[in-house]
Amino acid sequence: MPIERRRGLLSKLSSKISRYTSKSIHIPTQEEKEGFLKAQRLAYKCVTETEKEIREGWTELQAVKRMETFLKDHGVKVFLHRPFAWFGEHARFDGYKRFTQFHPSKRRLQANESFILDVSPVVDGYIGDIGYSSSLDKNPELDNGMRYLLKLRAELPKLFSSSMSSSEIWHKIDQDSKKNGFDNVHSLYPFAVLGHRVYKVHLPNISFPILPISFASWFSLQGSLEFLSHKVLPELLTPDHEGEKIGLWAIEPHLGRGKTGFKFEEILVVEKDKAYWLDEEVPHVQKYGKLLEAV
C-alpha cells in the first residue's frame, strides 16, 4: 500500500479512537510543568551543543551518535524515540515511499545546507521531545522559513485557546503555509501529525536493548510501550483528530521550500481558557527572533 494511503487511513482511524477519554487530558500541575521544563531544556542543550560541533562532511549518523552520547552522559536512559538528524534536502522527505527512509543516514552535510536535529529524552519520567533547525553558514532559505515559523509560533496559543478543533487548526496551518509558498512537510510524517501529547512515563528507568533498524525500532521499546499504554491514537494531532485539546502537546510544524526543510518542536500547555508555551527562552526564539524584529 502506498505510504500516502497508509498515512490517510491511520489518520482517519485515529480520529475515531480520539473521541475516547485519555488520562493525558488534564490541566497539568505546577510539578508536572517543572518536570517537563527540565526535560525540554536538557533536550535543547543536547541539540545546541551538538550544533556547535557539527562540521561540513559530518553524516547524519555521526550527529545522531553525538546526541546519544550527550544524553547518556547526562544520565538519560529512557527516550520516546532515538535522535533524528536530517541534512539538506533529506529534511523535506520528498519521494519517501517507506517509513524507514526517515531514519538518519550516511548522507554528508554540505557547508551551504541547513539541518534539523530532533531528540526526545525522558528525564525523571518526563518526556522532552524537541526539534531544532540550523545551518553551518548563513542560509537565507532557512532564515525565511524560521521567520514564518516564529510568526506561526506566536499564533498557535491563540488557535489552541479558541473554539477551533484540533483538526481545524491542522488544516488552517496547512492552508496558510501553502498560501505563503511553503510545503507542508509534517503532512508526510506517519499519521501526518502536527504534534502529540507528552506525559509522565511510568516505566522503570532502565535501558532497553536497541532492536534492528526499522520504523518501529527507532521509537524505543520503552517509549513505544508507554505510548501504546496511553492509547496511542488519541495522543496524535492528525488532520482528522476529534479529541480534546486540554493537556500538554509537543507541537512540531515542519515546512519546506526549495531544497530546504525547517521545523521547531516544543511543548504547548493547553488549559480550559488559555494556551501558552511552556518556555519562552527556547533556542529557536533566541536564534531567529531578531529576524522578526527586522521585518
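Since the model is a prediction, treat every value here as computed from it, not as a measurement.

A.B. asks: Any chance you could explain the overall build of the chain here in plain terms?
C.D. replies: Counting its secondary structure elements, the chain contains eight helices and 14 strands. The burial tally for the chain puts 56% of its 295 residues in the buried class. Taking contacts inside the chain between residues at least 6 apart in sequence as the whole, the part at least 24 apart equals 76%.

A.B. asks: Before we go on, may I ask you to explain the side chain of aspartate 143 in this structure?
C.D. replies: Within the secondary structure, aspartate 143 sits in helix α4 (residues 140-161). Here aspartate 143 falls in the buried class, since its relative accessible area comes to 11%. A polar contact of 2.6 Å, which involves the side chain of aspartate 143, links it to the side chain of lysine 138. Apart from residues lying up to four places away in sequence, aspartate 143 is in contact with Lys138, Tyr288 and Leu291.

A.B. asks: In this structure, what is going on with the pairing of strand β10 (residues 247-251)? I would like to understand it.
C.D. replies: Within a regular strand, the side chains alternate between the two sheet faces. Buried residues dominate β10, accounting for five of its five residues. Bridge analysis of strand β8 (residues 195-197) against β10 gives three bridges, and the strand direction is antiparallel. Considered in β10, the bridge of glycine 195 is made with isoleucine 251.

A.B. asks: It is not clear to me how the sheet that holds strand β11 (residues 254-257) should be interpreted in this structure. Could you clarify?
C.D. replies: In any sheet, the strands associate via hydrogen bonds between backbone groups, in a parallel or an antiparallel arrangement. The antiparallel open sheet is built from three strands, whose spatial order is β7-β11-β12. The sheet is open, and its two edges are formed by β7 (183-184) and β12 (260-263), each paired on a single side. Across four bridges, the pairing between β11 and β12 is antiparallel. Bridge assignment links glycine 256 to a residue of β12, and that residue is glycine 261. Across the sheet, α4 is in contact with β11 and β12; its angle to β12 comes to roughly 30°.

A.B. asks: Just to check I follow, could you spell out the sheet that holds strand β9 (residues 236-237) for this structure?
C.D. replies: Spatially, β9-β8-β10-β13-β14 is the arrangement adopted by the five strands of the open sheet, whose pairing is antiparallel. The open sheet has two edge strands with one neighbour each: β9 and β14 (275-277). Sheet topology note: the β10/strand β13 (residues 266-270) ladder contains five bridges and is antiparallel. The residue of β13 that forms the bridge with glycine 247 is valine 270. α4 rests against β9, β10, β13 and β14 of the sheet, and its axis sits at about 150° to β14.

A.B. asks: For this particular structure, what's the right way to read the pattern of salt bridges?
C.D. replies: Should their charged atoms come close, side chains of opposite charge can pair. Scanning the entire structure with this criterion turns up 22 salt bridges. Between aspartate 176 and lysine 172 there is a salt bridge whose closest N-O contact spans 3.0 Å. Of this pair, aspartate 176 and lysine 172 both sit in helix α5 (residues 166-179), four residues apart, roughly one helical turn. Counted as one network, the salt bridges with shared partners bring together Asp118, Glu252, Lys263 and Glu265.

A.B. asks: Is there a simple way to explain the packing of aromatic side chains in this structure?
C.D. replies: To describe a pair of aromatic rings, you give the distance between the ring centres and the angle between the ring planes. Counting across every chain of the model gives eight aromatic pairs. Judged by centre distance (6.1 Å) and plane angle (70°), the rings of phenylalanine 87 and phenylalanine 115 are edge-to-face. Taken together, the residues span a long stretch of sequence, with phenylalanine 87 in strand β2 (residues 84-87) and phenylalanine 115 in strand β3 (residues 114-119) at a distance of 28 residues. For the pair phenylalanine 87 and phenylalanine 115, a shared accessibility class is recorded, and that class is buried. Between arginine 257 and the ring centre of phenylalanine 182, over which it is positioned, the NZ or CZ distance is 4.1 Å.

A.B. asks: Any chance you could explain the confidence of the model for the chain here in plain terms?
C.D. replies: Interpretation of this model should avoid reading the predicted coordinates in detail wherever pLDDT is low. Predicted confidence across the chain gives a mean pLDDT of 84, with 78% of residues reaching 70 or more. Segment residues 205-233 is flagged for pLDDT under 50; beyond a separation of four residues in sequence, or across chains, it makes 67 contacts in the model.

A.B. asks: Just to check I follow, could you spell out helix α3 (residues 60-73) for this structure?
C.D. replies: Side chains that are three or four residues apart share a direction in an α-helix, a result of its 3.6 residues per turn. Between the first and last C-alpha of α3 there are 20 Å, a value that for 14 residues agrees with the 20 Å anticipated at 1.5 Å per step. Among the residues of α3, Glu60, Ala63, Val64, Met67, Phe70 and Leu71 are the ones counted as buried. The buried side chains of α3 occupy one side of the element, clustering within an arc of 125° when seen end-on. The outward face of α3, more than 90 degrees from its buried face, is lined by the exposed residues Lys65, Lys72 and Asp73. Count one or two residues on from α3 and you reach glycine 75, which has phi positive near 85°.

A.B. asks: In this structure, what is going on with the nonpolar core? I would like to understand it.
C.D. replies: For soluble globular proteins, the rule of thumb is that nonpolar side chains tend to be buried together. One finds Val47, Met67, Leu117 and Val119 to be the most contacted residues of the largest nonpolar core, which totals 38 residues. Per-element tally for this core: the top contributor is helix α2 (residues 30-53), with eight residues. In this view, valine 119 contacts Ala43, Cys46, Val47, Met67, Leu71, His81, Pro83, Gly128, Asp129 and Ile130; residues no more than four positions away in its chain are not counted. Listed in part, the 27 residues of the second largest apolar core include Ile173, Leu194, Leu255 and Phe264.

What counts as what
- Residues numbered from 1 in each chain as written.
- Predicted model: local features only at pLDDT ≥ 70, side-chain atom pairs only at ≥ 80, totals over all residues.
- Heavy atoms only, no water.
- Helix = DSSP H or I, 4+ residues; strand = E, 2+ residues; numbered from the N terminus.
- Buried < 20%, exposed > 50% of the residue type's maximum accessible area, 1.4 Å probe, protein only.
- Contact = heavy atoms within 4.5 Å.
- Polar contact = N/O pair within 3.5 Å; in protein donor to acceptor, adjacent residues only side chain to side chain.
- Pairing = 2+ DSSP bridges.
- Axes fitted to C-alpha atoms, helices over the stretch in contact; angles between N-to-C directions.
- Salt bridge = Lys/Arg side-chain N within 4 Å of Asp/Glu carboxyl O.
- Phe/Tyr/Trp six-rings, centres within 6.5 Å; stacked < 30°, edge-to-face > 60°.
- Lys NZ or Arg CZ within 6 Å of the ring centre and 35° of its normal.
- pLDDT = per-residue confidence, 0-100.
- Expected span 1.5 Å × (residues − 1).
- Arc of directions from axis to C-beta.
- Core = buried A, V, L, I, M, F, W, Y, C linked by side-chain atoms within 4.5 Å.

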